[in-house]
2 protein chains.
Amino acid sequence: MTETMKRIVLASRPPGKPGPENFRLEEEPLPQPGPGEFLARVIWLSLDPYMRGRMSAAKSYAKPVEIGETMTAGCVAEVIASNHDGYAPGDLVVAPLGWATHGISDGTLVQKIDPKAGAPLSAYLGVLGMPGLTAWVGLNDILEAKPGETIVVSAATGAVGSLVGQLARLKGMTVIGVAGGADKCRYAVEELGFDACLDHRAAADAKELGKQIAAAAPDGVECYFENVGGKTLEAVLPNMKTFGRIALCGMIAWYSGAENPAPAPVVWGAILRQRLRVEGFIIFDRYDRQPAFVAEVAPRVADGTIHYRETVAEGLENAPAAFMKMLEGGNFGKQLVRIGADPA
Amino acid sequence: MTETMKRIVLASRPPGKPGPENFRLEEEPLPQPGPGEFLARVIWLSLDPYMRGRMSAAKSYAKPVEIGETMTAGCVAEVIASNHDGYAPGDLVVAPLGWATHGISDGTLVQKIDPKAGAPLSAYLGVLGMPGLTAWVGLNDILEAKPGETIVVSAATGAVGSLVGQLARLKGMTVIGVAGGADKCRYAVEELGFDACLDHRAAADAKELGKQIAAAAPDGVECYFENVGGKTLEAVLPNMKTFGRIALCGMIAWYSGAENPAPAPVVWGAILRQRLRVEGFIIFDRYDRQPAFVAEVAPRVADGTIHYRETVAEGLENAPAAFMKMLEGGNFGKQLVRIGADPA
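In this report, we go over the structure that sits alongside the text. Just so it is clear, the model here is predicted, and its values are computed rather than measured.

## Points about the side chain of T157(A)
By the element assignment, T157(A) lies in the loop between β8 (150-154) and α3 (159-170). Not counting chain neighbours up to four residues away, the residues in contact with T157(A) comprise S162(A), A179(A), K184(A), Y187(A), A188(A), F332(A) and G333(A).

This is the structure:
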């Protein structure tokens, strides 16, 4: 069998919303690992909003993907050939192999998975992976969230938001989610245990959504875990209590310039008047917190205390469509693409 | 002699820039202090940008001035009659008596001035008063500024900014001011000792001003003391280093809706990408820091290390015009109004 490797490359940069024309599927002979490298076959591919940023040439916290280069992604993969002392065929890893069926790695940013831990492999891309660490760091290190406080979580049923809310509940906080659609809101309250969840699509504008937040949090909001920007941010700001804190983790509503943005003074004025503290954070800076996170959260995943949900697309070919749908909020929980079979 | 009291009241709320029609001079018999109160005659009146906010009915950190009510202000005054155990005729005080020739106080938010300290009375409204404390708290408590770091200070020759920059220089920081006009910039460098000062009026747009900041701070900016918003903020943001800090103290460029504001994602995106920490603060929350501030800064004022400058308008009648001019940046240093003579 002459196996080939397939990958999806950036064909062109989108000016706004990405379209199918921005991606191209390429196929080539399977590469062989050089000295100190291993070759792995991808089992699960993770799709995340930050990838939209990598498609642009604009200055960002990470280098943009070049035209013709494989789209960036974290993967769960199985080592199938190795010249690396630390990895042997059959090892399972989390590794940044990109939108591809196979990848070569020298071990940089690779984590081994312990299959005896009993967690499903896909969880290492979600609740026990980067989104989980993001939720945990944002809640504990950035927001310094305390029992008894009220938190608003946007993108409440997403990979990050759903864990933020559950960890906040376990901490003894009042949790108000904001999500798009009645189904997501029902899920947040009934399955994730949020105190309330508001549907931003059902609210005519930021003002109306703001009133709903005020009704759910009559004493105001101490913490806001910000994933979206846009209408939700505008609705939360007037509800922030004096000395409130905002963890700025994402602004998906604005990534593609889709939503008509508020003027800057709306944000700046609230920070000033209400003496807010806003901190932007990027999880790539915070991997030193991984051990503390896994120690606290893995048992809660194993015993079923923490719920999570996945949206799975099948096959590398469908990654671009799944990605575009996710940017519009069409996924429900962590967005994955199944690339290969589980190990035997 | 039947003395009268004059005061300036809010006649109407300005939709944008305040005009003369928003103020009204009233005259009435001199009030007498009730039990536990004193009457004082005003010597110096302080004009500050925050007063623009008080003229609007919008939610803010302080109650708006009501229509027909005396405009808010801090004053240096001499007690002339007293039923208050703590104050006797002849005592000099800093007190919130408003835009008026006289005022009644029960001692709330009143500070006594020790005339033996030898500082000019007007300094207690500026470099040793609220603006001075604002500068000191912003630099030390909010920015946690460190020797060797680079700071940008907007409104660099204003009452707050000029002290921020001088304290930062004393701390061993590189100080880049931004001010309106060549005279102010020359003053910042030649008299206040800033490393550089950029004229935002001479820069065509935020991009050009940003390039000038980049040239003055080729390694980037760790701290931004934000007084203005507007073009200056847009110019500073791309120059902020990863993990930089912004103390948000004012946004005068946007108070009257005068400047065409950037969209919110410009600000939000920079905070996220560059992982900035932004904190709004209001000096009224921080008066517990007054003793530490005075202990450190008063000797520096007394020995002439710290320079300051005042713009003085003469007479209560001229307060509205001086205030409107100040909002447009027409003042140079702390804006004061001389109301009465120094004590004999």
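## Some points on the packing of aromatic side chains
According to the stated counting rule, one finds 14 aromatic pairs over all chains in the structure shown. For the ring pair W136(A) and F293(A), a centre distance of 6.1 Å and an interplane angle of 55 degrees mean the geometry is tilted. Pair noted here: W136(A) is in helix α2 (residues 130-142) and F293(A) is in helix α9 (residues 290-302), with a separation of 157 residues, a long-range link. A ring pair is formed by W99(B) and F323(B), whose centres lie 5.4 Å apart and whose planes are at 70 degrees; its orientation type is edge-to-face. One end of the pair, W99(B), is in the loop between β5 (92-95) and β6 (102-105); the other, F323(B), is in helix α10 (residues 319-327), with 224 residues separating them in the sequence. Taking the relative accessible area as the measure of exposure, F323(B) reaches 0% and is therefore buried. In this structure an aromatic cluster arises from ring pairing among F23(A), W99(A) and F323(A). Seen from the ring of F243(A), R275(A) lies directly overhead, with NZ or CZ sitting 5.6 Å from the centre.

## Some details on the interface of chain A and chain B
Listed as interface residues are 34 residues of chain A and, on the opposing side, 34 residues of chain B. In total, chain A and chain B occlude about 3,100 Å² of area from one another, counting both sides; carbon and sulfur atoms represent 72% of this. At the junction of chain A with chain B, the criterion picks out two salt bridges. A salt bridge links D285(A) to R275(B); its shortest N-O distance comes to 2.6 Å. One can count nine residue pairs in polar contact (both at pLDDT 80 or more) joining chain A with chain B. For the side of chain A that touches chain B, the element with the most residues is helix α8 (residues 264-273) of chain A, which contributes eight residues.

## Regarding the packing of α2(A) against α9(A)
Residue and element names in this part refer to chain A. In the contact formed by α2 and α9, the axes pass within 10 Å of each other and the chain directions differ by 95 degrees. The angle between α2 and α9 falls in the class roughly perpendicular. Here G132, L133 and W136 of α2 lie close against α9, whose contacting residues are Q290, A292, F293, E296 and V297. When its residues are assigned to classes, the contact of α2 with α9 shows five nonpolar, two polar and one charged.

## Focus on unusual backbone geometry
Phi at F243(A) takes a positive value of approximately 70 degrees, unusual for a residue other than glycine. Structurally, F243(A) is set in strand β12 (residues 240-248). Of note in the backbone geometry, L109(B) takes a positive phi value of approximately 60 degrees without being a glycine. Judged by relative accessible area, L109(B) falls into the exposed class, the value being 69%.

## A closer look at the relation of the copies chain A and chain B
Both copies of the chain are tied together by a single rotation about an axis and a shift running along it. Overlaying chain A on chain B yields an RMSD of 0.0 Å, the required transformation being a rotation through 180 degrees with an accompanying axial translation of 0.0 Å. Given the turn and translation reported, the copies of this chain are related as if by a two-fold rotation axis. With an isologous cut-off of 70% or more, the 100% of interface residues of chain A that recur at the interface of chain B puts this contact in the isologous class.

## With respect to the pattern of salt bridges
For the coordinates displayed, the defined rule picks out 40 salt bridges over all chains. In this structure, E222(B) engages K241(B) in a salt bridge whose closest nitrogen and oxygen atoms are separated by 3.3 Å. Within this pair, whereas E222(B) is found in strand β11 (residues 221-226), its partner K241(B) is found in strand β12 (residues 240-248), the two being separated by 19 residues in sequence. Overall, E222(B) belongs to the buried group, its relative accessible area being 15%. Salt bridges sharing common partners tie together R7(A), R24(A), E26(A) and E28(A).

## Some remarks on the environment of V301(A)
Residues and elements named next belong to chain A. One can find V301 in helix α9. By relative accessible area, which is 10% here, V301 ends up buried. Taking the C-alpha atoms as reference points, V301 and V127, separated by 174 residues in sequence, lie 8.0 Å from one another. V301 has contacts with V127, L128, I306 and Y308, leaving out every residue within four places of it along the chain.

## Digging into α9(A)
All names here are of chain A. With 13 residues, α9 should reach 18 Å at 1.5 Å per residue; the first-to-last C-alpha distance of 17 Å fits that figure. Of all the bends in α9, the greatest, near 30 degrees, is centred on E296, and the proline P299 appears no more than four residues after it. The secondary structure elements touched by the buried residues of α9 are β7 (111-112), α2 and α3. One or two residues past the end of α9 sits G304, with phi positive at roughly 85 degrees.

## Side note on the nonpolar core
Residue and element names in this part refer to chain A. By size, the foremost hydrophobic cluster in this structure holds 83 residues, and its most contacted members are L45, W99, I151, F225 and F323. Three or more residues apiece are contributed to this core by two domains, here domain 1 (4-126 + 309-338) and domain 2 (130-283). Those residues in contact with L45, other than ones at most four positions away along the chain, are A73, G74, C75, G98, W99, L125, L316, A319, Q335, L336, V337 and I339.

## Topic: the sheet that holds strand β9 (residues 174-179) of chain B
Here we have twelve strands laid out as an open sheet, ordered β10(A)-β9(A)-β8(A)-β11(A)-β12(A)-β13(A)-β13(B)-β12(B)-β11(B)-β8(B)-β9(B)-β10(B), and mixed in their pairing. Looking at strand neighbours, the two that pair on one side only are β10 (196-199) of chain A together with β10 (196-199) of chain B, the edges of this open sheet. Strand after strand, the sheet turns through a mean of 15 degrees between neighbouring axes, direction not considered. In this structure, strand β9 (residues 174-179) of chain A lies alongside β10(A), joined through four bridges in parallel fashion.

## Structural notes on the environment of A182(A)
Within the secondary structure layout, A182(A) lies in helix α4 (residues 182-190). For the pair A182(A) and H200(A), spaced 18 residues apart in sequence, the C-alpha separation works out to 9.4 Å.

Analysis parameters
- Residues numbered from 1 in each chain as written.
- Chains lettered and ligands numbered in written order.
- Predicted model: local features only at pLDDT ≥ 70, side-chain atom pairs only at ≥ 80, totals over all residues.
- Heavy atoms only, no water.
- Helix = DSSP H or I, 4+ residues; strand = E, 2+ residues; numbered from the N terminus.
- Contact = heavy atoms within 4.5 Å.
- Phe/Tyr/Trp six-rings, centres within 6.5 Å; stacked < 30°, edge-to-face > 60°.
- Buried < 20%, exposed > 50% of the residue type's maximum accessible area, 1.4 Å probe, protein only.
- Lys NZ or Arg CZ within 6 Å of the ring centre and 35° of its normal.
- Buried area = accessible area lost by both parts, 1.4 Å probe.
- Salt bridge = Lys/Arg side-chain N within 4 Å of Asp/Glu carboxyl O.
- Polar contact = N/O pair within 3.5 Å; in protein donor to acceptor, adjacent residues only side chain to side chain.
- Axes fitted to C-alpha atoms, helices over the stretch in contact; angles between N-to-C directions.
- Parallel < 35°, antiparallel > 145°, perpendicular 65-115°, else oblique.
- Nonpolar A, V, L, I, M, F, W, Y, C, P; charged D, E, K, R; others polar.
- Least-squares fit on C-alpha atoms with pLDDT ≥ 70 in both.
- Expected span 1.5 Å × (residues − 1).
- Bend = angle between axes of the 7 residues up to and from the residue.
- Core = buried A, V, L, I, M, F, W, Y, C linked by side-chain atoms within 4.5 Å.
- Domains from an automatic or database assignment.
- Pairing = 2+ DSSP bridges.

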